[in-house]
Amino acid sequence: MTNKYNLAALRRNKVTYALAETQVSEIKQRMLNWSKQFSILLFLDNNDFPSLHTGYECLLATGLAPVDNNVVTCKGDTDALTVLQELHDASRDWLFGHICYDYKNILEPKLQSGHPVKLDFPLLHFFIPETVCYIDKEQTALTIDTYKDADAIYNAITETSVETDASPIPKLNFRRVIDKDKYLDTIAQLRRHIADGDCYEINFCNEGYCEDVDVAPLTVFSALNKLSPAPFAAYYRLHDKYMLCTSPERYLHKAGNRITSQPMKGTARRDADAEKDQHAKDALRNSIKEQAENVMITDLVRNDLARCSEPSSVQVDELFGIYTFPQVHQMVSTVSGKLKATVPFTDAIRYSFPMGSMTGAPKYKVMQLVEEYEQSRRELFSGTVGYITPDGDFDFSVIIRSLFYNATSKYLCYQTGGAITYDSDAEQEWEETRLKAWALERIFS
């Protein structure tokens, strides 16, 4: 395997630098500003959210490692997960990257995606970075793990200005692919599919977009991350393609042989009045409809993880947990299992992707219905982004609450949606999608 990949006989230089508590937010911004020189980078920010599964407060991966094979990418029909596993087995190095929702067509060859490609992210893309910088979850140290000079990089970061790019954020009016009347009519059709027994729940999404616009992606991300901090915020650049993400949802985490997924289903809008906000939170916790949506996806995730876990090891660690974010309260459940010792870690992805919270149940049928009723290709939206450590642990998020930008075509877009059940009220579902869209659109107003 090592001969196949012909990895260079190089070693990373790893140095840890102490941080004062007051330095953390400042050093994050310096890291981001320093990273602008790279055409490939991924910045992941936990934004100080507490979690049992969080390994780092933030990570930054930049550039390509100086080895013969430093990228796994898929734009056709290749089973790139197998290649990804082989590369990790051979390199035992960091890997950062993404999987598009439409990779479903590789995992289930009878599925297809017929809507036009607008952003052009590869179906799957992972890279071994030249440099990885990370702040530990205790926020006491910055570690630089690089094929270059760690001290030189540290000095360059600390000497980089903390000021964000002065480029103004343009005022934009987003258009929607599906207007309100069409949306309401589609919800009625989906409820008929549920009544006919085709499915129990389906995640239905709509695209908002602007054409021929010039934006400074890092400026927009910094504004977005400030207004809507989330535990899975991400700034991703792959040449001329960008993702600016404020996701609150974990897709899949691995630590040792334990794999964990945290499906999120159930949303309530925050209120500026503390008493009304608590009422909204309590109403979400006690909502039979929201619990029904959540438990169906939790059960689907439990079955997905069982395909690659030791018998009887899959368990629901938390059911209907309520978590609070700047704009919304969310209902989150936690499912975990013990990965079989005989399977590669990529099987945990293979048997659970796309994540159930972004499809519905039963998964195969609703993916067919998504293709039939949605009017846009999802591409990177509702896919996943994250990292794999040299030891084979990983953490991947659900790509939601995100803006996507192709700097060549100047196309800017997002998608928002929600879970549709038979009890769904179409007007309320429309308002939920608009609430999620508002959190993204308002920085352009």
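Residues numbered from 1 in each chain as written. Predicted model: local features only at pLDDT ≥ 70, side-chain atom pairs only at ≥ 80, totals over all residues. Heavy atoms only, no water.

Thoughts on unusual backbone geometry
And step 1. Omega for the bond connecting F353 with P354 falls within 30 degrees of zero, at -5 degrees, which places this linkage in the cis form.
And step 2. Its location among the elements puts P354 in the loop between α10 (346-350) and β18 (360-361).
And step 3. Omega for the peptide link from A361 to P362 comes to -10 degrees, which places this bond in the cis form.
And step 4. When you line up the elements, P362 lands in the loop between β18 and α11 (363-373).
And step 5. Despite not being glycine, S312 has its phi angle at roughly 65 degrees, a positive value.
And step 6. Structurally, the position occupied by S312 is in the loop between α9 (288-306) and β16 (315-324).
And step 7. In this model, F320 sits at a positive phi of 65 degrees, which is unusual for a non-glycine residue. (Helix = DSSP H or I, 4+ residues; strand = E, 2+ residues; numbered from the N terminus.)

Some remarks on the packing of aromatic side chains
And step 1. Under the defined criterion, the tally for this structure stands at 25 aromatic pairs.
And step 2. Judged by centre distance (4.9 Å) and plane angle (65 degrees), the ring pair of Y56 and Y134 falls under edge-to-face. Taken together, the residues span a long stretch of sequence, with Y56 in strand β3 (residues 56-62) and Y134 in strand β7 (residues 131-136) at a distance of 78 residues.
And step 3. Centre to centre, the rings of F221 and Y235 are 5.5 Å apart; their planes meet at 40 degrees, and the pair counts as tilted. With F221 in helix α7 (residues 217-227) and Y235 in strand β11 (residues 232-238), this pair connects stretches of sequence that are 14 residues apart. Accessibility assignment for this pair places F221 and Y235 in one class, buried. (Phe/Tyr/Trp six-rings, centres within 6.5 Å; stacked < 30°, edge-to-face > 60°. Buried < 20%, exposed > 50% of the residue type's maximum accessible area, 1.4 Å probe, protein only.)

Observations concerning α11
Owing to its 3.6 residues per turn, the α-helix brings residues three or four apart onto one side.
And step 1. Along α11, the residues classified as buried are K363, V366, M367, L369, V370 and Y373. Considered in projection along α11, the buried side chains sweep an arc of 165 degrees and stay on one side of the axis.
And step 2. Residues of α11 that are buried make contact with α4 (104-107), α6 (180-195), β10 (201-210), α9 and β18. (Arc of directions from axis to C-beta. Contact = heavy atoms within 4.5 Å.)

Describing the confidence of the model for the protein
And step 1. When pLDDT is averaged along the protein, the result is 95, and 98% of the positions lie at 70 or above.
And step 2. For residues 1-6, every residue scores under 50 in pLDDT, and the model assigns this stretch 14 contacts once sequence neighbours within four places are set aside. (pLDDT = per-residue confidence, 0-100.)

Focus: the pairing of strand β19 (residues 384-388)
And step 1. The buried fraction of β19 is high, at five of five residues.
And step 2. Taking every second residue as pointing to the same face, both faces of β19 are buried, with T384, G386 and I388 on one and V385 and Y387 on the other.
And step 3. Here strand β5 (residues 95-99) pairs with β19 via five bridges, running antiparallel. Looking at β19, one finds that L95 is bridged to I388.
And step 4. With five bridges joining them, β19 and strand β20 (residues 394-398) adopt antiparallel strand pairing. In the strand pairing of β20, G386 is matched with F396.
And step 5. Connecting β19 to the antiparallel partner β20 that follows it, the hairpin turn spans five residues, and G392 within it adopts a positive phi of roughly 90 degrees. (Pairing = 2+ DSSP bridges.)

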